[in-house]
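Fold and contact review
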Amino acid sequence: MSSSPPPIISVRNLTKEYKIARRTEGFIGAVKYLFSRKYDTVRAVDRVSFDIYPGELVGYIGKNGAGKSTTIKMLTGVLVPTQGEVKVNGIVPYRDRTKNGQNIGVVFGQRTQMKWDIPVIESFRLMKEIYQIPPDIYKQNMEIFCDVLDIGSLLAKPVRKLSLGQRMKCDLAIAFLHNPKIIYLDEPTIGLDILVKENIRSFIKTMNAERNTTVILTTHDLNDIDSICQRAIIIDSGKIVYDGSIDAIKARFGTHKVLHIEVKDNLRQGDEVVQLPAGVTVQEFGEHRIKLHLNKEAASLAEVIQTLIEQYNIVDISIEDVSIESIVKQIYQEGWHE
Amino acid sequence: MKRLKKYLILTEQSLQVAMTYRVRFFTTMVTGLIQVLALYYIWKVVYAGQKSLGGYTLSEMVTYIFISYAVRNLYTFNTERKISENIRDGSVIIDLIRPLNYQLARFFESLGSVIFEGILVGIIVIAVGFGIFHIKGPASFMYGTLFAISLTFSVLINFSLSYAVGLLSFSTTSIFGFINAKRFISNFLSGGLIPLTFFPPWLHKIAFMLPFHAMVSSPISIYLGQIEAYQIANVLLEQLFWVIILWLAGYFMWAWASRKITIHGG
Ligand SMILES: Nc1ncnc2c1ncn2[C@@H]1O[C@H](COP(=O)(O)OP(=O)(O)OP(=O)(O)O)[C@@H](O)[C@H]1O
Ligand SMILES: [Mg+2]
């Protein structure tokens with residue numbers, strides 16, 4: 001092995017606290033608020049440390065409100081940390097925001113960078129000017145984007161007429177337009193159908209393979225992480241609960257499934273399922289629904305279904321992978337033990 | 001040159017945006033014409049046989065009405081709202097990352113509507129003035145040229161004030177009250193509604209201590225040739241003074257606002 005290059009992103013004990021003015025309800029509350037403000041502090045990111053190396057594809061995952069966006073904002077320099085250090089490509093982002101801006105591309109999935117009323121191509125032209133992208137690079141990139149993301153036919157449309165998926169593809173292309181070394185993607189697949197998701201995933205992988213672009217991505221879709229990233233950082237209540245390979249998570253949780261069973265019988269609390277094999281836990285039971293969590297390694301799926309069929313009049317069964325939320329919950333509660 | 005190009009494309013694109021709002025253009029134009037006509041008939045009644053009021057003959061007053069409307073309309077008041085919305089809805093974080101100066105970017109962006117709604121509507125209103133109401137042209141070619149320079153300063157002052165108000169108002173919940181108050185005060189104290197010579201002396205004094213008069217009253221008095229040639233330099237320098245002061249004020253306010261945004265997360 002050659003000696004590895006220094007990390008492109010280095011974060012030590014990064015912490016962000018938000019101050020939230022405390023308001024009591026109603027008119028009296030509003031009057032009080034006029035005269036004195038008390039603040040609650042929320043620690044959104046809590047002493048987070050990690051290193052990310054050039055060309056890495058990192059998934060940054062966690063529940064709603066875990067602190068993902070807050071971390072991304074500190075990495076892009078639009079938020080000043082309360083404590084701790086952050087260095088991106090040798091720059092402290094919040095001190096040198098625009099210099100840092102030259103090296104990074106960002107997609108905030110919830111908002112667009114594009115101007116609403118004018119054609120998509122104008123937003124590309126704008127980027128070309130403000131990042132002073134040389135014409136040959138601009139041309140070359142536009143060809144790649146039209147090819148891989150299939151956005152050629154969208155360029156003449158005003159942004160407000162795009163569908164969510166079309167808009168997201170354009171925003172993604174814009175983020176990559178000036179050949180940044182690092183790309184931050186905050187929920188780039190939110191609300192998209194599976195085809196667009198796959199298109200976006202393959203685009204990100206292509207760009208990473210061809211340009212060695214470092215990518216940090218947040219998402220609630222485990223499949224995004226699975227198909228794009230080699231490494232995951234899991235954060236919960238602002239703290240890192242896992243930082244390691246995706247393979248290790250899959251080895252641990254890939255065998256975990258969630259079963260939703262709909263039955264004709266009217267279920268009452270109390271008469272819970274009987275005789276379920278070990279490794280199965282009942283998560284919901286009542287009305288006409290049963291929700292089970294099982295580890296395929298401990299319990300056979302067939303055996304569990306067989307048991308259920310014998311006891312209930314089953315209308316429907318669906319089997320899902322466990323969600324990120326429950327993986328995080330489990331890792332958080334039980335810790336990560338090798 | 002390259003630096004300027006980065007900003008000129010903002011103007012070009014905001015002009016494109018402005019042109020998509022054609023209905024707004026027509027309503028601006030129609031309400032503008034209605035305002036000007038209403039003022040015309042009011043003043044006609046007020047003059048009722050009198051030769052001159054507040055130092056203006058009726059025909060000078062008619063010219064004042066049309067030109068002051070065009071000057072006042074040159075800078076439409078969208079900047080405040082756009083800036084406070086930009087900060088409140090969080091889209092400002094995109095601007096924070098981009099390698100552009102926020103103040104300059106907002107200025108060049110606002111020029112789009114200056115060109116479309118300001119200059120274009122102004123030209124139409126003034127054309128009506130010349131064609132139907134026989135308003136006067138500038139006192140001379142030189143006065144006309146200096147008027148144009150004075151207008152440029154007027155736009156800069158207007159922008160700087162709106163920019164500062166926009167930045168102030170993002171932290172209050174009553175942006176609209178704030179913006180309307182500013183609009184009323186600046187229309188009134190700039191001489192946009194009635195010439196400042198009609199003000200009682202104390203108010204006249206106050207008006208000349210504030211920057212507003214430099215937005216409307218100053219360029220018009222040059223247009224009408226009310227200022228001796230040798231004094232025009234003073235008027236322009238005073239405008240320049242306000243441009244610098246207010247631009248600096250905006251600069252420091254952005255430093256303050258962006259610190260707030262990056263510490264409190266908007
Ligand atoms: N500007 C703000 N002011 C106050 N509190 C904030 C602010 N932004 C975020 N928070 C709080 O900080 C915590 C972390 O928020 P953050 O947006 O980083 O979460 P997230 O992991 O991105 O969640 P999601 O998956 O829902 O996007 C939350 O409790 C949130 O309420
Ligand atoms: Mg988020």
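Conventions and cut-offs
Residues numbered from 1 in each chain as written. Chains lettered and ligands numbered in written order. Predicted model: local features only at pLDDT ≥ 70, side-chain atom pairs only at ≥ 80, totals over all residues. Heavy atoms only, no water. Helix = DSSP H or I, 4+ residues; strand = E, 2+ residues; numbered from the N terminus. Rg over C-alpha atoms; globule rule 2.2 N^0.38 Å. Contact = heavy atoms within 4.5 Å. Areas by Shrake-Rupley, 256 points an atom, 1.4 Å probe, with all protein chains shown as cover. Lys, Arg positive; Asp, Glu negative; His and termini not counted. Charge placed at Lys NZ, Arg CZ, Asp CG, Glu CD. Buried area = accessible area lost by both parts, 1.4 Å probe. Salt bridge = Lys/Arg side-chain N within 4 Å of Asp/Glu carboxyl O. Polar contact = N/O pair within 3.5 Å; in protein donor to acceptor, adjacent residues only side chain to side chain. Buried < 20%, exposed > 50% of the residue type's maximum accessible area, 1.4 Å probe, protein only. Pairing = 2+ DSSP bridges. Domains from an automatic or database assignment. Near = heavy atom within 4 Å.

**Quick notes on the overall build of chain B**
Counting its secondary structure elements, chain B contains 11 helices and two strands. Counting from the amino terminus, chain B carries its helices and strands in the arrangement α-α-β-β-α-α-α-α-α-α-α-α-α. Relative to the 2.2 N^0.38 estimate, which gives 18 Å for 266 residues, the radius of gyration of chain B is 19 Å and therefore close to what a compact globule would have. Dimensions of chain B, computed from the C-alpha atoms along their principal axes, are close to 65 × 40 × 40 Å. Put simply, 80% of the contacts in chain B that link residues at least 6 apart link residues at least 24 apart. Carbon and sulfur atoms make up 71% of the accessible area of chain B, which amounts to about 12200 Å² in all. In chain B, 20 side chains carry a positive charge and 10 a negative one; their mean positions are 2 Å apart.

**Quick look at the interface of chain A and chain B**
Counting residues at the interface gives 30 residues for chain A, matched by 27 residues for chain B. Between chain A and chain B lies a buried interface of about 2700 Å² when both sides are counted; carbon and sulfur atoms form 60% of it. One can count two salt bridges joining chain A with chain B. Residue K5(B) pairs with E129(A) through a salt bridge whose shortest N-O separation is 3.9 Å. Taken together, the links from chain A to chain B amount to nine residue pairs in polar contact (both at pLDDT 80 or more). Elements with a minimum of two residues in the side of chain A that touches chain B: β1 (9-22), α2 (68-76), α3 (97-103), β5 (104-108) and α4 (120-130) of chain A. It is α4(A) that provides the largest number of residues to the side of chain A that touches chain B, a total of six residues.

**What to know about the pairing of strand β3 (residues 57-61) of chain A**
Residue and element names in this part refer to chain A. Buried residues dominate β3, accounting for five of its five residues. Bridge count between β3 and strand β7 (residues 214-218): four bridges; the pairing is parallel. Across the sheet, residue V58 finds its bridge partner in β7, namely I216. By the bridge criterion, four bridges tie β3 to strand β8 (residues 231-236) in an arrangement that is parallel. The residue bridging V58 from the neighbouring strand is R231, located in β8.

**So, the domain arrangement of chain A**
Once the domains are mapped, chain A shows domain 1 (9-250) and domain 2 (255-321). Using C-alpha coordinates to define each centre, domain 1 of chain A is positioned 39 Å away from domain 2 of chain A.

**Structural notes on the site of ligand 1**
If you check the shell around ligand 1, you find 15 residues, and the closest are N64(A), G65(A), K68(A), S69(A) and T70(A). The local environment of ligand 1 is shared, drawing residues from chains A and B. Between ligand 1 and H220(A) there is a distance of 2.8 Å, counted from an oxygen atom to a side-chain nitrogen or oxygen. One nitrogen or oxygen atom from the main chain of G265(B) is found 3.1 Å from a nitrogen atom belonging to ligand 1. Protein burial of ligand 1: of its 640 Å² of free accessible surface, 69% is covered by the chains. Where the shell around ligand 1 is concerned, the elements lending two or more residues are β1 and α2 of chain A.

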